[in-house]
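If you want the building blocks of each chain, they are given just below.
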Amino acid sequence: MHFHQISFLAAVALCSLLGLSSAESPGAGGDKPGGDKPKASATKTLTGLSVASASPTGTNSPITGGGAASGSASNKIIAVVVGSPTLNKSLVFTPNEISAKPGDIVQFQFSQINHTVTQSSFAEPCMPIQQSDATAAGVHSGFVPVSANETTVQTFDMPINDTKPMFIYCAQGPHCQLGMVMTINVSNQTENLAAYKAAAAKATKNVPANNFQGGVLGNIPKADAIPPPV
Ligand SMILES: [Cu+2]
């Protein structure tokens, strides 16, 4: 057996471990794949909003129409790839540090294996933000399982409503602790990505939010998606 094949098999094995553990946990009940997520309307919302010219920087063409609530010429779709088919790049958001204006939409494009986009506070990484701020609306995509042979790319479109910093993590297995975190609109010298990531690494547990919220699930053609890091 070639080394290449061994690597691939190891990747598959680890993916299985990482991808299935917390989705099966009782706490994730509301987010199981195949649950009643509002998938049907998502594709329509996205019509005209698809990423027209994917660029690895994650910032794409302006929204020119479609379903953006407060769309203007300067609003953008900012694409973020979630995970990767490559093992050592599978626990990352790419890019993991972005800025976005109110009216922009951050479009998470899910790669393998099975990840979430979930919002925490800075102070309590790997925990839904509602646990530290009961008034926060919060963001949670639910678990989005992706297999190797899918013909479209599943998305979670998250409208940006204000300029407040957002701290995002993946609530799957130990992904948050292993560095699957990102920040939006951080300008603070102390509450930044590096500090958030360091705190996440020390979190004692990784908890998904109870409810799907803060965005719209959908699908886009592979050709319109940013290729995941490999
Ligand atoms: Cu993950």
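Residues numbered from 1 in each chain as written. Predicted model: local features only at pLDDT ≥ 70, side-chain atom pairs only at ≥ 80, totals over all residues.

The protein has the name Blue (type 1) copper domain-containing protein in an unreviewed UniProt entry, where Phialocephala subalpina is given as its organism.

Notes on the pairing of strand E5 (residues 105–110)
Along E5, six of the six residues are buried, which leaves the element largely enclosed by surrounding structure. Burial of E5 is two-sided: the residues Ile-105, Gln-107 and Gln-109 facing one way and the residues Val-106, Phe-108 and Phe-110 facing the other way are all buried. Across six bridges, the pairing between strand E2 (residues 76–82) and E5 is parallel. Counterpart to Ile-78 in the pairing with E5 is Val-106. Here E5 runs beside strand E9 (residues 152–159); their pairing, made up of five bridges, is antiparallel. Across the sheet, Gln-107 pairs through a bridge with Asp-157, a residue of E9. (Buried ≥ 20, exposed ≤ 12 C-beta atoms within 10 Å, placed from the backbone. Helix = DSSP H or I, 4+ residues; strand = E, 2+ residues; numbered from the N terminus. Pairing = 2+ DSSP bridges.)

What to know about the nonpolar core
Across soluble globular proteins, nonpolar side chains have a tendency to be buried as a group. Counting 46 residues, the largest nonpolar core has Val-80, Val-106, Ile-168 and Tyr-169 as the members making the most contacts within it. At the level of secondary structure, the elements contributing two or more residues to this core comprise E2, E5, E9, strand E10 (166–169), strand E11 (181–184), helix H3 (193–201) and strand E12 (216–221). With six residues, the single largest contributor to this core is E2. Dropping the residues within four chain positions of it, Ile-168 is found in contact with Phe-93, Val-117, Thr-118, Gln-119, Val-181, Met-182 and Ile-184. (Core = buried A, V, L, I, M, F, W, Y, C linked by C-beta atoms within 7 Å. Contact = placed C-beta atoms within 7 Å.)

As for the sheet that holds E11
The sheet built from four strands is open, its strands ordered E4-E11-E10-E7 with mixed pairing. This sheet does not close on itself; its edge strands, each paired only once, are strand E4 (97–98) and strand E7 (118–120). Strands E4, E10 and E11 of the sheet are contacted by H3, whose axis makes an angle of about 150 degrees with E11. (Axes fitted to C-alpha atoms, helices over the stretch in contact; angles between N-to-C directions.)

Describing the environment of Gly-179
Among the secondary structure elements, Gly-179 is positioned in the loop between E10 and E11. With 18 C-beta atoms packed within 10 Å, Gly-179 lands in the partly exposed category. Apart from residues lying up to four places away in sequence, Gly-179 is in contact with Leu-91, Val-92, Lys-197 and Ala-201.

Observations concerning the pairing of E11
Of the two faces of E11, both are covered, the one formed by Val-181 and Thr-183 as well as the one formed by Met-182 and Ile-184. Both E4 and E11 contribute to a ladder of two bridges, which runs parallel. By the bridge assignment, Glu-97 is partnered in E11 with Thr-183. Where E10 meets E11, four bridges bridge the pair, whose relative direction is antiparallel. When the sheet's bridge partners are listed, Met-166 is paired in E11 with Ile-184.

A word on H3
Every buried residue belonging to H3 is among Tyr-196, Lys-197 and Ala-200, and all of these are buried. All buried residues of H3 lie within an arc of 95 degrees about the axis, which places them on one face of the element. Exposed and facing more than 90 degrees away from the buried side of H3 are Ala-194 and Ala-198. Residues of H3 that are buried in the fold lie against E10 and E11. (Arc of directions from axis to C-beta.)

Focus: unusual backbone geometry
Geometrically, the link from Thr-94 to Pro-95 is a cis peptide bond, its omega value of -5 degrees lying close to zero. Among the structural elements, Pro-95 can be located in the loop between strand E3 (93–94) and E4. Even without being glycine, Cys-126 reaches a positive phi, approximately 65 degrees. Phi angles above zero are rare outside glycine, and Asn-185 is one such case at about 60 degrees. With respect to the helices, strands and loops of the structure, Asn-185 is situated in the loop between E11 and H3. Residue classification places Asn-185 among the partly exposed positions, given that 16 C-beta atoms sit within 10 Å.

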